[in-house]
Protein chains: 2
Amino acid sequence: MKKYVYMFQEGNKDMRELLGGKGANLAEMTRIGLPVPRGFTVSTEACTSYYENKEVLPEAIEKEILKSLKELEKITGKTFGDTKNPLLVSVRSGARASMPGMMDTVLNLGLNDEVAKEFAVTTNNKRFVYDSYRRFIQMYADVVKGYPKSAFERHLDKVKEDKGVKFDTDLDAEDMYRLTADFKKIYKEIAHEDFPQVPEEQLLEAVRAVFRSWNNERAIYYRRMNDIPASWGTAVNVQEMVYGNIGSNSGTGVAFTRNPATGEKKLYGEYLMNAQGEDVVAGIRTPSPISSLETEMPEVYKEFESLAKKLEDHYRDMQDMEFTIENGKLFMLQTRNGKRTASAAIKIAVDLVKEGKLTEEEALLKVEPKQLDALLHPTFKEASLKKGTVITTGLAASPGAAAGHIYFTAKEATEANKKGEKVILVRLETSPEDIEGMNHSEGILTGRGGMTSHAAVVARGMGTCCVSGCSELTINEEEKWFKTKDGKIYHEKDAISLDGSTGKVYDGILETEEPSISGDFKTFMAWADQRRTLKVRANADNERDATQAKKFGAEGIGLCRTEHMFFDKERIFNFRKMIMADTVSKREKALEAILPYQKDDFVALYKVMAPNPVVIRYLDPPLHEFLPTDEEEIKKLADDLNVTVTEIKERIASLKEFNPMMGHRGCRLAITYPEIARMQTRAVIEAAIEVSKEGIKVTPEIMIPLVGSVKEFTFVKEVVTQTADKIIKEANVKLSYKVGTMIEIPRAALVADEIAKYADFFSFGTNDLTQMTFGFSRDDAGKFLNEYYEKQIFEQDPFARIDEDGVGALVKIAAEKGRSTNKKLSLGVCGEHGGDPASIDFCHRAGLDYVSCSPFRVPIARLAAAQAAIKNGGQL
Amino acid sequence: MKKYVYMFQEGNKDMRELLGGKGANLAEMTRIGLPVPRGFTVSTEACTSYYENKEVLPEAIEKEILKSLKELEKITGKTFGDTKNPLLVSVRSGARASMPGMMDTVLNLGLNDEVAKEFAVTTNNKRFVYDSYRRFIQMYADVVKGYPKSAFERHLDKVKEDKGVKFDTDLDAEDMYRLTADFKKIYKEIAHEDFPQVPEEQLLEAVRAVFRSWNNERAIYYRRMNDIPASWGTAVNVQEMVYGNIGSNSGTGVAFTRNPATGEKKLYGEYLMNAQGEDVVAGIRTPSPISSLETEMPEVYKEFESLAKKLEDHYRDMQDMEFTIENGKLFMLQTRNGKRTASAAIKIAVDLVKEGKLTEEEALLKVEPKQLDALLHPTFKEASLKKGTVITTGLAASPGAAAGHIYFTAKEATEANKKGEKVILVRLETSPEDIEGMNHSEGILTGRGGMTSHAAVVARGMGTCCVSGCSELTINEEEKWFKTKDGKIYHEKDAISLDGSTGKVYDGILETEEPSISGDFKTFMAWADQRRTLKVRANADNERDATQAKKFGAEGIGLCRTEHMFFDKERIFNFRKMIMADTVSKREKALEAILPYQKDDFVALYKVMAPNPVVIRYLDPPLHEFLPTDEEEIKKLADDLNVTVTEIKERIASLKEFNPMMGHRGCRLAITYPEIARMQTRAVIEAAIEVSKEGIKVTPEIMIPLVGSVKEFTFVKEVVTQTADKIIKEANVKLSYKVGTMIEIPRAALVADEIAKYADFFSFGTNDLTQMTFGFSRDDAGKFLNEYYEKQIFEQDPFARIDEDGVGALVKIAAEKGRSTNKKLSLGVCGEHGGDPASIDFCHRAGLDYVSCSPFRVPIARLAAAQAAIKNGGQL
């Protein structure tokens, strides 16, 4: 028969999958002889059985729990439900990974009216017993039954108020007794039944509640945000109570072995005397810093200090511990690797290596790559932040902190910024036309759109702070104001501040500070670079981004989206002229006017990136994205081009598509209008010649987008090589360039062996590839994806983390087929996945050569690539 | 060294790939001893070399041609360019498959001024020689140089007019001489150079011209229409001239061994005395029927009759022959399998089996499946058609003939038809709202949209005649008129006739006749059914289509699109109510009102199809397709639902999608609104119970559309089985049903092993699968696909013929993976490809179980499936 319940003494820290993090660590502490109250863990497999059994706890597991309870009674010498020497327990959830979204803790379980009555006599401490009982009722109601805490808390406040005292500790035994009676009454009012009196029933209900909580909404959301599969399940820990609330030489606290904010090597934490666990966090009384314990209970402090060191040395990582002091005796209730800020994480990792406790590889695995982001962006000064008033909260779309004056159009934002003002661009949603304004803004706020909306994607690319989807705000772009939920109105030029790392929007100007990249960071990243086999390039469309990327360690540009270059005010006119042209020669003339600009762009990029490669993707989006949408702009364009408004409108209408995502774009444009590809080739090659004449090494890599069949590729490649080779020959220079393709259409992956015969490189455009493989567009999927997460059809956002089974399968097919016909084929990823650690791990396993991501993701990608190399021990 | 040129005596009929059809048959006739003028064939490989060599004829090939010419001189005893005994040749193109789009024939090549002069003397027939020369100049100019024939023809007409004669034969030697001189002058005017006098140059130029013609626009178009790959290339046949124009006991003609219109076993053809080849087709003089030859030249006729029989017996198929009589001696110039009408094809195939000349398998391979279509639709009576005036030509979108009075809205068409009027629905383009009107129309004409537009697809499904994309017409739906290119205006109720097989639109009412399916057809199809292993089902959404399908031999319904059922006037209101509902219970109420209708639909389908299976696809299109689009309808809906117009408009706006193809549709709807799937399940199961109580066998197969991941499928399947099993249990009956899925999202194919664990069947929705795999939408691809065909990036329309390399690869992956986890998995195709013979061949090879196509394609699919089985000798 399968075993579902383990006594602490049966487990160890490596049984995390079975016992959960908390259970495994309790077992480990027991094993290495720390003072841990005894108990047992109901395994994660029991949770899985519970769900497989249609959310009914199988009888066999119930029996095993009760059997383990007997065992616990035996080793503690206490008896569950016994009135003289009762065994009381805590019940805690504990998944493999720590999950704040789930049910947490019920203390003092096992108490009922009779036990309490007698226990008060035997302990001679009525106050302690009823303090424990009233806490139990409230926690059980909240955590097991899901009834609101507030009803109980309001009543407690009233009792304190009536008595004219401030703290729980000021209530005496009789107060606690009455409070218990009142709490039971409140419980009955809400539950329509009496508070359960059978301890075994209390226990099994609590276990079931923990299992149920695995699938509550918050837990599902948290799992999705943190890549935790639903199949893992949670364990339940049942542990003998020790009492921090039994008197004034008892207490409870939490502490870290090092400072989790700075990484400083010094105990950090706080504690409360005469209290139980939740009091410390609840903030009813102000806890004392852990250092005070040294004077208050020097012996206990000394023991704790030594245990903390023992634990850190044992786990070889900074520990986050909970402890309770019962009548002067120290008990350890939990230990785990402590959460820490990014800078602390780096400092601790580097320090642990210096202290000889970790190898460099181990240290690299200790830091969550995504955390690094926090080190790269400005933040609000702590003091300023504390004073700030939050006016709304949106999605934390692009990290950083920004403060400035609001403008409602890209044009006005640009103008204000050019006059030296710091501006925040506020839009319902942004479109490619807003690029310039976004570029001139400190931060961007949008009313609509999710984490992958235009604003979010572009802002992340730029490294500009962005809060998107502030749906509580009413935004009136025309009248230039927005209204908060509370009815406060902000007009143009009013000041606000955005925190793109939390999604919070503040009133007024908050002070920001620039990130300081410490020496530890450099050391750490150097270790990462030594281990990784994947190269890391950046997606950058202009000199600013390229410079940023290089600063962050990018080894080339993996994606330069040339279309972004066309939105510049001076160029868009000629580009529109090109679109409006009805003959090849008119089109060529308009393109001729863009050529010098485009060439300059490339000159700048080459110079910044030299000697690393620059991948230039040819025009990709459908032409209608470049045409104006509002009447005024249309009128202006008509005047400029000397045609009628009707003609412009007809052209716009003729370019309208039912499914623009699947329309006339990518290489399809270059096939219909080879003159565009010719102009772009001229710009790429002429710029390269110019730069190389200065003695700078240039390697342009021309990338054809949206290829689905080999002949599309060879057609455009022919246009490119004919143009390029002619220019190179005429210039009488030596210049090599590459021509490759995006793999972003499922068919391209399936016929990759054919394409690879002619292509120098493949770059997986996993954004589009994900859309096409799943058959849904990012813009529209928002309407149903939430249901998908709620109903657990999807656990992950496939646009954030690569879908290995589907999209990944195509990537592998393409890589394998491509290399089968072209041994030298270079393979990379340039979708958003290129900056996602889990996806980077996949890229490593799939044997790709590089990932390319937005500049601010480069350090993340470098670390993730190193972790992938370490974890997988080389390519699979 | 590779051999590029073959003398006729070196080849045989099996060398078609190398020598082309014409060349192989000339060699074969030579081989079996028929009187064939001698010659040689420049192979298709020479054509390929020509293109590989950047459209320059490689010198080696030129040399080989001239060497073969020497050989020809040797065996004929004539010399090229010799003035006394000149060798003149014909030059003809000849690809593997006959291709009318290409260059055809140049006769009398080798003539020049000197040769002509002397040859007139030696033959003592100046008229003959200059008749030949003037013909040569015109043909060379036209065929080799691409200069217009009209300049020459106009001049010839003028000469005849001046002389007051009607026929060429009335011109004498001097006339011909002058004509030749004039033609040379005209040539020079156009070409700005003299007519070439060097025979070898004439010959090589002609060969190059044939190779060039392989890639002219018409040839590319023809290849695409007929599935001929560009890589095949064409051969060139160079043959000693024999002269049908040498005098009155000479002549030329064409004949079939059987009647190509009816299949009757009797020589059929016509000839002209004193003429060269092109005169017969040109229609300058009226040719005589072949039977006249029996009296005119009985010996020659007898010989011809015997040769014809010999050829038919040899090729075991009806032959289409060209012959020339030179001074009473018969020469065979060409033989090939004759083109024939569908009914002739069937009769000849069946007769040849009866005559013991073919096996049934061979006979089945003789009929082109697509031809059968002509046997299933009404046609115009020959006499009526001859009198008809074509007012415009559109795309032959759905075959058949229809005559009626025009209406410009679906509503008015319906009403008129209900009053007994035959109507033609004329629309700019149709939308799903027009379904009822389309159903009530004899034929449909649209101004926009291609072969795969809504009108075309739906009309083909209904078997209703449709001419789409009549872009020459100006259609004003609001004012109810259309205007032809010539300015003629047709108003509502005016009469027109449509030929959906040619795309022609006629003025007034033409008489139609119903198809008569002969006994031979039945015999033939029975042979097909015995051989095929693929089952053939039909796509049918209503009783009418299902009945039609059954009549044509469908073995079940492979796709019933339930959404079509919702467009009915009485139902759409409730469906819209459902869409507008803001709570589940309101939605359920609206669905409840639709249930009885939907149930009735299924009852009818089950009864027609019993005992064969009926596959019912659940709601697929995005909801916005069901909402009204014009103001009036919106107002009406608002009134009916007792909400404001604004509310309706807001709902419409909220349902708007950027890329509807990749939006909230298919199973995504059933996941968001499980109540829709529940209602549909009730209808499916309750209808099945009702019908099975009558003792009729029912096998409903429920199909979930647009599944991309296994959890989507299991979620909806759970909704289905819970509902269905409850109803079945309550009804206390035995009823089995299946639940399967469409495979139409690339990802579904990649994870098919997972899905197959839970699915009873897969049906490949190759329309959507093609869109997603290529990443372009059918609606938008029209804008660039023409360029793709012109630039030879695509040779085939992937929506018409399955793309084996991409889409087919996914089908194979899905089939293999699916069967790996579910041995009983049934596999079918229900996209438009299910009715395309080449795609059916692929389905057979991929090991699918069935194809499903529109009712009128069922016989085609049956034959194609039989051919696939015969050709592939069972499953691969």
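Our structure is the block above this text.
As the structure is a computational prediction, the values presented were derived from the model and not from experiment.

## Focus: the overall build of chain A
Moving on, step 1. Tallying secondary structure elements over chain A gives 35 helices and 31 strands in all.
Moving on, step 2. Relative to the globule expectation of 29 Å for 876 residues, the C-alpha radius of gyration of chain A, 32 Å, shows essentially globular dimensions.
Moving on, step 3. With the principal axes as the frame, chain A shows a C-alpha extent of 100 × 60 × 50 Å.
Moving on, step 4. Carbon and sulfur atoms provide 49% of the accessible area of chain A, an area that totals close to 35000 Å².
Moving on, step 5. Charge separation in chain A, taken as the distance between the mean sites of 121 positive and 134 negative side-chain charges, equals 3 Å.

## Quick notes on the sheet that holds strand β26 (residues 614–617) of chain B
All names here are of chain B.
Moving on, step 1. The parallel closed barrel is built from eight strands, whose spatial order is β24-β25-β26-β27-β28-β29-β30-β31. When strand polarity is set aside, the average angle formed by the axes of neighbouring strands in this sheet is 25°.
Moving on, step 2. Note: strand β24 (residues 535–539) against strand β25 (residues 557–561), two bridges, orientation parallel. Its bridge partner being in β25, Asn539 is matched across the sheet by Leu559.

## A short note on the side chain of Asp841(A)
Residue and element names in this part refer to chain A.
Moving on, step 1. Inspection of the secondary structure puts Asp841 in helix α34 (residues 837–845).
Moving on, step 2. A residue is classified by how much of its surface remains accessible, and Asp841, at 15% relative accessible area, is buried.
Moving on, step 3. Beyond its immediate chain neighbours, meaning those up to four positions away, Asp841 contacts Ala868, Lys871 and Asn872.

## Brief notes about the pairing of strand β7 (residues 268–273) of chain A
Residue and element names in this part refer to chain A.
Moving on, step 1. Relative to β7, strand β6 (residues 251–256) is paired through six bridges, and the arrangement is antiparallel. Across the sheet, residue Thr252 finds its bridge partner in β7, namely Leu272.
Moving on, step 2. Pairing of β7 with strand β8 (residues 288–289), which is carried by two bridges, proceeds in the antiparallel orientation. Of the residues in β8, the one forming a bridge with Tyr271 is Ser288.

## Thoughts on a positive patch on the surface
Moving on, step 1. A surface patch of like charges, here positive, comprises Lys656(A), Lys783(A), Lys656(B) and Lys783(B).
Moving on, step 2. With respect to the helices and strands, Lys783(A) occurs in helix α32 (residues 778–790).
Moving on, step 3. Exposure remark for Lys783(A): the relative accessible area of 37% places this residue in the partly exposed category.

## What to know about the sheet that holds strand β21 (residues 495–499) of chain A
All names here are of chain A.
Moving on, step 1. With mixed pairing, the eight strands of this open sheet are ordered in space as β12-β22-β21-β14-β15-β16-β17-β13. One side of each edge strand has no neighbouring strand; the edge strands of this open sheet are β12 (390–393) and β13 (395–398). When the angles between neighbouring strand axes are averaged without regard to direction, this sheet yields 30°.
Moving on, step 2. Examined bridge by bridge, β21 and strand β22 (residues 504–507) share four bridges and lie antiparallel to one another. Within β22, the residue paired with Leu498 across the bridge is Val505.

## Observations regarding the interface of chain A and chain B
Moving on, step 1. Listed per partner, the contact involves 49 residues of chain A and 49 residues of chain B.
Moving on, step 2. Interface of chain A and chain B: buried area, both sides summed, is about 4200 Å²; carbon and sulfur atoms make up 59% of it.
Moving on, step 3. Counting the contacts that link chain A with chain B gives four salt bridges.
Moving on, step 4. Between Asp803(B) and Arg747(A) there is a salt bridge, with the nearest N and O atoms lying 2.6 Å from each other.
Moving on, step 5. Linking chain A to chain B there are 26 residue pairs in polar contact (both at pLDDT 80 or more).
Moving on, step 6. Only α25 (645–655), α26 (667–672), α28 (710–731), α29 (746–750), α31 (766–774), α32 and α33 (804–821) of chain A provide two or more residues apiece to the side of chain A that touches chain B.
Moving on, step 7. Considering each element in turn, the side of chain A that touches chain B owes the most residues, six residues, to α32(A).
Moving on, step 8. By residue class, the composition of the side of chain A that touches chain B is 23 nonpolar, twelve polar and 14 charged.

## What to know about the relation of the copies chain A and chain B
Moving on, step 1. If you rotate chain A by 180° and push it 0.1 Å along the axis, it lands on chain B with an RMSD of 0.1 Å. Such a combination of turn and shift is consistent with a two-fold rotation axis. Residues of chain A ranked by C-alpha distance from the rotation axis are headed by Asn659(A), positioned 2.1 Å from it.
Moving on, step 2. When the interface residues of chain A are mapped onto chain B, 100% of them again lie at the interface, so the same face is used by both copies.

## A short note on helix α18 (residues 454–462) of chain B
Turn by turn, an α-helix covers 3.6 residues, leaving residues three or four places apart pointing in a common direction.
All names here are of chain B.
Moving on, step 1. Burial of α18 is extensive: seven of the nine residues sit out of reach of the surface.
Moving on, step 2. By the burial criterion, the buried members of α18 are Ala455, Ala456, Val458, Ala459, Arg460, Gly461 and Met462.
Moving on, step 3. On its buried face, α18 is in contact with β13 (395–398), α17 (435–439), β16 (443–446), β17 (465–468) and α20 (543–551).
Moving on, step 4. Just downstream of α18, Gly463 is the residue with a positive phi angle, here 75°.

The rules we used
- Just so you know, the residues in each chain are numbered from 1, in the order the chain's sequence is written.
- Chains carry letters and ligands carry numbers; both start at the beginning, A for chains and 1 for ligands, and go up in the order they are written.
- Local features in a predicted model are, by the rule used here, given only for residues with pLDDT of at least 70; side-chain atom pairs are given and counted only at 80 or more, and totals for whole chains, interfaces and linings are based on all residues.
- Values shown for side chains rest on all heavy atoms present in the structure; no hydrogens or waters enter the calculation.
- Only DSSP runs of H or I with at least four residues qualify as helices, and only runs of E with at least two residues qualify as strands; both kinds are numbered from the N terminus onward.
- This radius of gyration counts C-alpha atoms alone. The globule rule is 2.2 Å times how many residues there are, raised to the power 0.38.
- Per-residue and other accessible areas were derived by the Shrake-Rupley procedure at a 1.4 Å probe size, with only the shown protein chains allowed to occlude residues.
- Charge assignment: positive for Lys and Arg, negative for Asp and Glu; neither His nor the chain ends contribute.
- Think of each charge as sitting on NZ of Lys, CZ of Arg, CG of Asp or CD of Glu.
- Two strands are counted as paired when DSSP detects at least two bridges linking them.
- To obtain an axis, a line is fitted to C-alpha atoms, over the contacting stretch when the element is a helix, and the angle between two such axes runs from 0 to 180 degrees between their N-to-C directions.
- When accessible area is computed with a 1.4 Å probe and restricted to protein chains, residues below 20% of their type maximum are described as buried, those above 50% as exposed, and intermediate ones as partly exposed.
- Any two residues whose heavy atoms approach within 4.5 Å are treated as being in contact.
- Only residues whose relative accessible area exceeds 30% and that form no salt bridge are eligible for patches; like-charged ones are grouped when within 9 Å, while nonpolar side chains (Val, Leu, Ile, Met, Phe, Trp, Tyr) are grouped when within 5 Å.
- Salt bridges are defined as contacts in which a side-chain nitrogen from Lys or Arg sits within 4 Å of a carboxyl oxygen from Asp or Glu.
- Once two parts are brought into contact, the accessible area they lose, counted with a 1.4 Å probe and summed over both, makes up the buried area.
- Two N or O atoms form a polar contact when they lie within 3.5 Å of each other; inside protein one atom must be a possible hydrogen donor and the other a possible acceptor, and for residues adjacent in sequence the pair counts only when both atoms belong to side chains.
- In the scheme used here, Gly and all other residues not listed as nonpolar or charged are polar, with Ala, Val, Leu, Ile, Met, Phe, Trp, Tyr, Cys and Pro taken as nonpolar and Asp, Glu, Lys and Arg as charged.
- We place the copies in one frame by least squares, fitting the C-alpha atoms of every residue whose pLDDT is at least 70 in both.

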